[in-house]
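Structural overview for review
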Amino acid sequence: MFLQIIFLVTFVSAESSSIFCSGDLELDGVGGTIQSPNFPDNYDHDTDCSFLIVPFPGNSVTLRFTAFHVDYNHGGNSCYDWVEVDPPIKNKSRFCGYTLSMSPGEGHDVSFPVDEPVTLSFHSNESAWEKGFSAFFYRVNTD
């Protein structure tokens, strides 16, 4: 367990540059940080982009959101802007809100099935904009 923690700290610090959502990107490397456009500043209007994360063979993808503020309907239960995750997490694929507890995984690690690619998409409409999101991803088993 201790060696795994050292390994994770080593590769996260080695890949410390963030990847901003722009178009449709397929991510490489062991892991890193993915962010909405302009993070930590507000994202732009009318933006659609995605990240495809394919695990190394025999491994799984893990995601952990560390910041999350994506515009939502304050008077209802719908999203104006959203982060969408495929495959869904606990039968939910679309997320919006202003706290980590409203993010995919609620600020905790989410591990997907072995050899299952993960697509994380971001959409913003033509009205309000917010800070967006930041998340770590790993393409290897971390346990």
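This one's a predicted model, so the numbers in the text were calculated from it and none came from an experiment.

1. Describing the overall build of the protein chain
- A tally of helices and strands in the protein chain yields one helix and 10 strands.
- Residue burial in the protein chain is summarised as follows: out of 143 residues, 41% are buried.
- Excluding contacts between residues fewer than 6 apart, the proportion of contacts in the protein chain whose partners are at least 24 apart in sequence is 75%.
- Accessible surface for the protein chain amounts to roughly 7,500 Å². Of this, 53% is attributable to carbon and sulfur atoms.

2. Details of the pattern of salt bridges
- Per the counting criterion, the structure on display carries two salt bridges.
- In this structure, Asp 109 and Arg 64 form a salt bridge, with 2.8 Å as the shortest nitrogen-oxygen distance. Here Asp 109 is found in the loop between strand E7 (92–95) and strand E8 (110–111), whereas its partner Arg 64 is found in strand E5 (residues 62–69), with 45 residues between them in sequence.
- Using a relative accessible area of 43% as the deciding quantity, one classes Asp 109 as partly exposed.
- Take Arg 64: its relative accessible area is 25%, and that puts it in the partly exposed class.
- With a closest N to O distance of 3.0 Å, Arg 94 and Glu 84 form a salt bridge. Taken as a pair, Arg 94 in strand E7 and Glu 84 in strand E6 (residues 82–89) lie far apart in primary sequence, 10 residues in all.
- Here Glu 84 falls in the partly exposed class, since its relative accessible area comes to 27%.

3. A short note on the sheet that holds strand E1 (residues 18–20)
- The five strands lie next to each other as E1-E3-E10-E5-E8, forming an open sheet whose pairing is mixed. Bordering the open sheet on either side are E1 and E8, each of which pairs with just one other strand.
- Two strands pair when backbone bridges link them, and E5 and strand E10 (residues 132–138) are joined in this way by seven bridges, in the antiparallel orientation. By the bridge assignment for E10, Phe 65 is matched with Ala 135.

4. Some remarks on the side chain of Asp 71
- The residue Asp 71 is located in the loop between E5 and E6 in this model.
- Of the buried charged residues, Asp 71 lacks a salt bridge, with Arg 94 as the closest side chain of opposite charge at 13 Å.
- Once residues within four sequence positions are removed from consideration, Asp 71 is found in contact with Tyr 43, Cys 79, Tyr 80, Asp 81, Cys 96, Ala 128 and Glu 130.

Definitions and cut-offs
- Residues numbered from 1 in each chain as written.
- Predicted model: local features only at pLDDT ≥ 70, side-chain atom pairs only at ≥ 80, totals over all residues.
- Heavy atoms only, no water.
- Helix = DSSP H or I, 4+ residues; strand = E, 2+ residues; numbered from the N terminus.
- Buried < 20%, exposed > 50% of the residue type's maximum accessible area, 1.4 Å probe, protein only.
- Contact = heavy atoms within 4.5 Å.
- Areas by Shrake-Rupley, 256 points an atom, 1.4 Å probe, with all protein chains shown as cover.
- Salt bridge = Lys/Arg side-chain N within 4 Å of Asp/Glu carboxyl O.
- Pairing = 2+ DSSP bridges.
- Lys, Arg positive; Asp, Glu negative; His and termini not counted.

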